[in-house]
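# Tertiary structure, described
The primary structure of each chain is shown beneath.
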Number of protein chains: 2
Amino acid sequence: MEVMNRYITIKNHVNGAPQESDFELKSSPLSLSLDPDSDEVIVQNLYVSIDPYQLNRMKSYSSSQERSTYAVAFTPGEAIDTYGVGKVVASGNPKFEKGDIVAGLLHWGEFTVVKPGGMLNKLDPMGFPLSYHVGILGFSGLTAYAGFYEICKPKKGEKVFVSAALGSVGNLVGQFAKALGCYVVGSAGSKEKVALLKEKLGFDDAFNYREETDLNSTIKRYFPDGIDIYFDNVGGDMQAAAVSNMNINGRVAVCGVISEYTDGKKRAAPDMMDIIYKRIKMQGFLSGDYFNLFGDFLSTTCDHLWSGKIQPLEDISDGVESIPSAFFNLFRGQNIGKKMVKVAQH
Amino acid sequence: MEVMNRYITIKNHVNGAPQESDFELKSSPLSLSLDPDSDEVIVQNLYVSIDPYQLNRMKSYSSSQERSTYAVAFTPGEAIDTYGVGKVVASGNPKFEKGDIVAGLLHWGEFTVVKPGGMLNKLDPMGFPLSYHVGILGFSGLTAYAGFYEICKPKKGEKVFVSAALGSVGNLVGQFAKALGCYVVGSAGSKEKVALLKEKLGFDDAFNYREETDLNSTIKRYFPDGIDIYFDNVGGDMQAAAVSNMNINGRVAVCGVISEYTDGKKRAAPDMMDIIYKRIKMQGFLSGDYFNLFGDFLSTTCDHLWSGKIQPLEDISDGVESIPSAFFNLFRGQNIGKKMVKVAQH
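Per an unreviewed UniProt entry, the recorded name for chain A is 2-alkenal reductase (NADP(+)-dependent), and the organism is Hibiscus syriacus.

## Here's the deal with empty space enclosed by the protein
Inspection of the entire model under this criterion finds two cavities of 30 Å³ or more. Put simply, the largest cavity is a space of about 50 Å³. Lining of the largest cavity is provided by A:Gly135, A:Ile136, A:Ser140, A:Ser168, A:Asn171, A:Leu172, A:Pro312, A:Leu313, A:Glu314, A:Lys338 and A:Met340. Listed by contribution, the elements that provide at least two residues to the lining of the largest cavity are helix 4 (170-180) and strand 15 (338-342) of chain A. Here the residues of the lining of the largest cavity sort into five nonpolar, four polar and two charged. For the lining of the largest cavity, the domains that each give at least three residues are domain 1 (2-131 + 314-342) and domain 2 (139-288) of chain A. Roughly 40 Å³ of internal volume is contained in the second largest cavity. The wall of the second largest cavity is formed by B:Gly135, B:Ile136, B:Ser168, B:Asn171, B:Leu172, B:Pro312, B:Leu313, B:Glu314 and B:Lys338. Residues belonging to the lining of the second largest cavity are distributed by class as follows: four nonpolar, three polar and two charged. Residues from two domains meet in the lining of the second largest cavity; each of domain 1 (2-135 + 313-342) and domain 2 (139-288) of chain B gives at least three.

## Structural notes on the relation of the copies chain A and chain B
Superposition record for chain A on chain B: RMSD 0.0 Å, screw rotation 180 degrees, translation along axis 0.0 Å. In short, the pair behaves as if placed about a two-fold rotation axis. Minimal C-alpha separation from the rotation axis in chain A is found for A:Ala269, amounting to 2.2 Å. Residue by residue, 100% of the interface of chain A is reproduced at the interface of chain B, so both copies engage with the same surface.

## Topic: the interface of chain A and chain B
Put simply, an interface is often sized by how much accessible area is lost when its parts join up. On the chain B side, the residues contacting the 38 residues of chain A number 38 residues. Buried area between chain A and chain B, summed over both chains or domains, comes out near 3400 Å², and the portion from carbon and sulfur atoms is 59%. In terms of surface lost to chain B, no three residues of chain A exceed A:Met272, A:Ile276 and A:Tyr277, which account for 21% of the buried area on that side. Scanning the region where chain A abuts chain B turns up four salt bridges. As a salt-bridge pair, A:Asp271 and B:Arg267 come within 3.8 Å of each other at their nearest N and O atoms. At the surface where chain A touches chain B, the tally comes to nine residue pairs in polar contact (both at pLDDT 80 or more). Listed by contribution, the elements that provide at least two residues to the side of chain A that touches chain B are helix 7 (236-244), strand 12 (246-254), helix 8 (258-261), helix 9 (272-277) and strand 13 (281-284) of chain A. It is helix 9 of chain A that provides the largest number of residues to the side of chain A that touches chain B, a total of six residues.

## A word on the domain arrangement of chain A
Residues and elements named next belong to chain A. With domains assigned, chain A is organised as domain 1 (2-131 + 314-342) and domain 2 (139-288). Computed over C-alpha atoms, the centres of domain 1 and domain 2 are 29 Å apart. Between domain 1 and domain 2, the contact holds 20 residues from the first and 12 residues from the second. When the buried surface of domain 1 facing domain 2 is broken down by residue, Tyr83, Ile336 and Lys338 rank first, second and third, together holding 31% of it. Counting every contact that joins domain 1 to domain 2 gives five residue pairs in polar contact (both at pLDDT 80 or more). Its residues assigned to classes, the side of domain 1 that touches domain 2 shows 10 nonpolar, six polar and four charged.

## Concerning the sheet that holds strand 9 (residues 183-188) of chain B
Across the sheet, 12 strands lie side by side as 10(A)-9(A)-8(A)-11(A)-12(A)-13(A)-13(B)-12(B)-11(B)-8(B)-9(B)-10(B); this open sheet has mixed pairing. The open sheet has two free edges, formed respectively by strand 10 (205-208) of chain A together with strand 10 (205-208) of chain B, since each of these has just one partner strand. Along the sheet, successive strands turn relative to each other by an average axial angle of 15 degrees, direction set aside. Bridge count between strand 8 (residues 159-162) of chain B and strand 11 (residues 227-232) of chain B: three bridges; the pairing is parallel.

## Quick word on helix 5 (residues 191-200) of chain B
Residues and elements named next belong to chain B. If you check which residues of helix 5 are buried, you get Lys193, Val194 and Leu197. Mapping the buried residues of helix 5 onto a view down its axis gives an arc of 105 degrees, with all of them on the same face. Relative to its buried face, helix 5 has exposed residues pointing more than 90 degrees away, namely Lys191, Glu192 and Glu199. Each element contacted by the buried residues of helix 5 is listed here: strand 9 and strand 10. Backbone geometry just after helix 5 places Gly202 at a positive phi near 80 degrees.

## A closer look at the nonpolar core
Judged by nonpolar contacts, the single largest core of 94 residues is most densely connected at A:Met58, A:Trp108, B:Met58 and B:Trp108. If near-sequence neighbours (up to four positions away) are discounted, A:Met58 is found in contact with A:Ile10, A:His13, A:Val14, A:Phe23, A:Phe74, A:Ile80, A:Trp108 and A:Phe327. Listed in part, the 41 residues of the second largest apolar core include A:Leu142, A:Leu172, A:Val194 and A:Leu313.

## Let's talk about the side chain of B:Glu212
Residue and element names in this part refer to chain B. The residue Glu212 is located in the loop between strand 10 and helix 6 (215-222) in this model. Among the polar contacts listed, one links the side chain of Glu212 to the side chain of Thr218, at a separation of 2.8 Å. At a separation of 3.3 Å, a polar atom in the side chain of Glu212 contacts the side chain of Arg221. Residues within four places of Glu212 in sequence aside, it is in contact with Phe207, Thr218 and Arg221.

## Re the pattern of salt bridges
Evaluation of the coordinates by the stated rule reveals 32 salt bridges over all chains. When salt bridges with common partners are traced through the structure, they connect A:Arg6, A:Glu110 and A:Glu321 into a single cluster.

Quick notes on the rules
Residues numbered from 1 in each chain as written. Chains lettered and ligands numbered in written order. Predicted model: local features only at pLDDT ≥ 70, side-chain atom pairs only at ≥ 80, totals over all residues. Heavy atoms only, no water. 1 Å grid on protein atoms, 1.4 Å probe; cavity = no way out; pocket = protein on both sides within 12 Å on 5 of 7 lines; lining within 4 Å. Points joined across faces, edges and corners; volume = space filled by probe spheres on them. Helix = DSSP H or I, 4+ residues; strand = E, 2+ residues; numbered from the N terminus. Nonpolar A, V, L, I, M, F, W, Y, C, P; charged D, E, K, R; others polar. Domains from an automatic or database assignment. Least-squares fit on C-alpha atoms with pLDDT ≥ 70 in both. Contact = heavy atoms within 4.5 Å. Buried area = accessible area lost by both parts, 1.4 Å probe. Salt bridge = Lys/Arg side-chain N within 4 Å of Asp/Glu carboxyl O. Polar contact = N/O pair within 3.5 Å; in protein donor to acceptor, adjacent residues only side chain to side chain. Pairing = 2+ DSSP bridges. Axes fitted to C-alpha atoms, helices over the stretch in contact; angles between N-to-C directions. Buried < 20%, exposed > 50% of the residue type's maximum accessible area, 1.4 Å probe, protein only. Arc of directions from axis to C-beta. Core = buried A, V, L, I, M, F, W, Y, C linked by side-chain atoms within 4.5 Å.

What follows is the structure, given as structure tokens:
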């Protein structure tokens, strides 16, 4: 049996803010039969993740930068990797059989041919919707969990500031922090988002950074006793303002710097005098280093979901053709929570 | 008995680079007799430390900045605290008696009246010159030791970059790193300093940053395989260039930012994308948090001194009147190693 596989590619390397015109919907025939010894698996993608960091793999880098720092760049015209959940439609790998629900590294497209050694695992949905396993119980959740617990080492009662607090990771960090008994304030880019943070997600307070002219004073207003933990998803001026409002032994988890992704010249310039005198630790991290925590993360998060202490915040678009706009709208602040695309009905 | 105590004060809060005209040599009569119940101790200062960070206490800050971050500012006209070694000339404290050699928080002056609760300890010189106990076996040494071992967690064979590598702390970090078996490169501000680093202190390599126009390329030249540990004494562009040349899991100990002390608007702007993708930890610290390590530090450093693995690098001026120039010359890069002033003959 052969199907037409529609998938998204970039036409060229993307520099600056991504545009509709950077993307292309391609289609190519795909045979759904596999050699039983191929070790390959063909997955019909159900939900695929849409993440800001993917922009960094769309940029053109010098080979030395790429080697030393960033994940390998995407090649224009080829399928784009993403985390996702799907259903096995053909398997040449004895670990999987047709009909299995799986999670792993898929493509922005309708089908993924997972090569031998590709990241793919059978998924037990544990009674939750499959979309949860792309967001709150997937990589975004692990990122929030590892960044908050491992990097920030939070204590009950500490004061936590989260930027891009309605983003896929930020909203969970805030909810984990509230579940632990921290005081939590988030920043976001609209009145509606601020209302959601306070009313739906239980943040102690929140503000719309677009309405503020002096972030330093704004943060001081929300943290008269200073910040103990800053979970940074944006970089730039917000980071500098947060650092200047931090307490002694403050911790900054540098998870994302979305304000800098689209403008390579933009830089956060935290005051190093603060870093020294307040003994601040600033630490970058990638969730991929914390797979060893996946079991703990999953059981903690499921417990919180069952008890209602935390809730998923999902923003789901439909159909492979909606992937480009789902993606470039991330950089326009248009997502509310975890952005993903439902590619096919389960 | 009464003496004239000559001491250095600031005339006003200092902002920007310190100048000769910011300082004043004052003298006032001091009675060397103390009430036996006073708990006070009068110390004749022998060697006093001259440190860049003292400039930060000479600045004027808002009270909230001071409270939340920096040590209390010095008051113009009053004596200036510093670490030093001296001799007890009168004691109202049963723990000390006349003639004791002591180390602790003294003043930039000829005598210090140490108040009850002031930091003062009897000193066992262990056969070393007293000046060693101000530098290599004093606070500068502890700063280098704690910053290198505790913050950077070095491993044999790692690649270490030290800025202001002939400074009081930098030269020791480099020597500790060499003693551990690391590859060590330092930056300094003159040909002579570069020669000293390589020939006298055993650094693997060194460069004169004043001769370089593109620090990023310069550092890449000295670290073709990247930096594992950057011990930052300068901040600014050097920090940004070091971060962009770091390896995965790199560590930056932020010990001092001398390039920013004299210009509050100058800021280091490390690339946060590097911080994330290379999981870099950047940590500020103050040696005062590591008194618990003093015993370990002292025994390790003495061992290295006895075996000749490390050596002190001291830059000693004579007489209380030389303190201001000793200090402001720090910011002109004129010291070679630990700067101190010998105030009186032992």
